[in-house]
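Structural description and commentary
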Amino acid sequence: MTTSAIGRAVAADRGSYSLSGIRASIRWAWPALTVVVLLVAAWQVYVEVSGIRPQVLPSPGRVVVQGWAQRDAIAENASATLQVTLVGFAVSLALAWLLAVAVDFSPWLRRAFVPLFVVSQTLPIIAIAPLLIIWFGFGLLPKILVIALATFFPMAIGLIEGFAAADRDARSLLASMGASRWQQFRYVRLPSALPRFFTSLRIGITYAVVGAIFAEYAGASAGLGIYMSQQKNSFRTDLVLAAVAVTAVISVILFVSTFVVERVVAPWARHGPTGLHV
C-alpha cells in the first residue's frame, strides 16, 4: 500500500470515528432535549391559559424577546462572570493538583489535610460569601475564594483517590526494576488517576459557575449574579430568567469542554458524552 493510500485510509477512519461520535452525542442528548422542549411548551401554554402576570411568571417567548432586547447588558455581565469563573477555577485547580500530589507522596500530609478537605465542604457558601466580601472587599479575591471553596474538594479528592487506585502490580514491577518513587508516580499513578480526575473536573466546573454567581450576589459591580439581583428588585422576572438561561448555557459549554480536554490529555480514557464508556 502506498503512503498516499495509507493517508487516505487514516483520514477516512478519523472521519468515520468523528461522525460516529457526533451521532452518539445526538442519541445521548435527544431525550433530554425532548423533555426540555415539552417543558417549555407546557410553560408557554400555562402562561397563556392562566393569564398570570408577567411579573410573577413570564412566558418563554417574553423571556427570549426581553433577553434579546437586553443582550448587550447581559453579554457584558456574562463576560464578567465567565472571567471570574475561569480565574477562580484555575486557582482552585492548581491548588488541588499541588496538594493532591503532596498528599500522595506523604502519608502524614494525607492524615493532616484530607479531614480538612472534608470540613471545608461543611461550610455554607451562601453564608460565607458575604463575610468574605466584608473581609476582602469587592475585588477579585473574595470571588476566587468562594469558587475555590465550591470546587476544590471534588477535584482534590478525585486526584487523591485516583493516585491511590493505581495498579499495585505495575508499581511493584517498576520498583523491582529500580524505578524511583517519582518515576512510579509519573508512569503509573498519574495516568491511572486522570480518568477519575476528569470526572471530578466536570463536577467542579459546574460548581465554579454557581460559586461565581453566589459571590456576585453577595457583592459585585458586574456579573450575572448582581444583574439578577438588580432585575429581581425591579420585578423584571423575565430578565432574571434570561440571565439564568445564559448561566445554564455557560455551565453546559464548560462541562462539554472538559470532554475535549480529556480527549487530548488522556486519549486512552475514551468516554462518551455521559462520561461512561461507550
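Quick caveat, the model's predicted, so the values are computed rather than measured.

Summing up its helical and strand segments, the protein has 10 helices and zero strands in all. Counting from the amino terminus, helix and strand elements in the protein follow one another as α-α-α-α-α-α-α-α-α-α. Out of the 278 residues belonging to the protein, those deemed buried represent 35%. Of the roughly 16,100 Å² that the protein leaves accessible, carbon and sulfur atoms contribute 70%.

Here helix α4 (residues 107–120) is 14 residues long and its end C-alpha atoms lie 20 Å apart, about the 20 Å a rise of 1.5 Å per residue gives. Of all the bends in α4, the largest measures some 25 degrees and sits at Phe 113, one to four residues before the proline Pro 115.

The geometry of helix α9 (residues 224–233) relative to helix α10 (residues 237–265) is characterised by a closest axis approach of 8 Å and an angle of 160 degrees between their N-to-C directions. Looking at the two axes, α9 sits roughly antiparallel to α10. In terms of crossing hand, the pair formed by α9 and α10 is left-handed. Across the interface between the two elements, Leu 224, Tyr 227, Met 228, Gln 231 and Lys 232 of α9 pack against Leu 239, Val 240, Ala 243, Val 244, Val 246, Thr 247 and Ile 250 of α10. When grouped by side-chain class, the residues that make up the contact of α9 with α10 number nine nonpolar, two polar and one charged.

This paragraph deals with the UniProt feature "transmembrane region" (unreviewed entry) in the protein. On the UniProt side, "transmembrane region" (unreviewed entry) is annotated at positions that read residues 28–46, 80–101, 113–138, 144–166, 205–227 and 239–261 here. Segment residues 113–138 splits into 77% helix and 0% strand. End C-alpha atoms: 30 Å apart.

One non-glycine residue, Phe 235, lies in positive phi territory at about 60 degrees. On the secondary structure map, Phe 235 appears in the loop between α9 and α10.

Rules used throughout
Residues numbered from 1 in each chain as written. Predicted model: local features only at pLDDT ≥ 70, side-chain atom pairs only at ≥ 80, totals over all residues. Heavy atoms only, no water. Helix = DSSP H or I, 4+ residues; strand = E, 2+ residues; numbered from the N terminus. Buried < 20%, exposed > 50% of the residue type's maximum accessible area, 1.4 Å probe, protein only. Areas by Shrake-Rupley, 256 points an atom, 1.4 Å probe, with all protein chains shown as cover. Expected span 1.5 Å × (residues − 1). Bend = angle between axes of the 7 residues up to and from the residue. Axes fitted to C-alpha atoms, helices over the stretch in contact; angles between N-to-C directions. Parallel < 35°, antiparallel > 145°, perpendicular 65-115°, else oblique. Left-handed = near helix turned anticlockwise from the far one by under 90°. Contact = heavy atoms within 4.5 Å. Nonpolar A, V, L, I, M, F, W, Y, C, P; charged D, E, K, R; others polar. UniProt positions renumbered as here; feature names shortened; annotations may be inferred.

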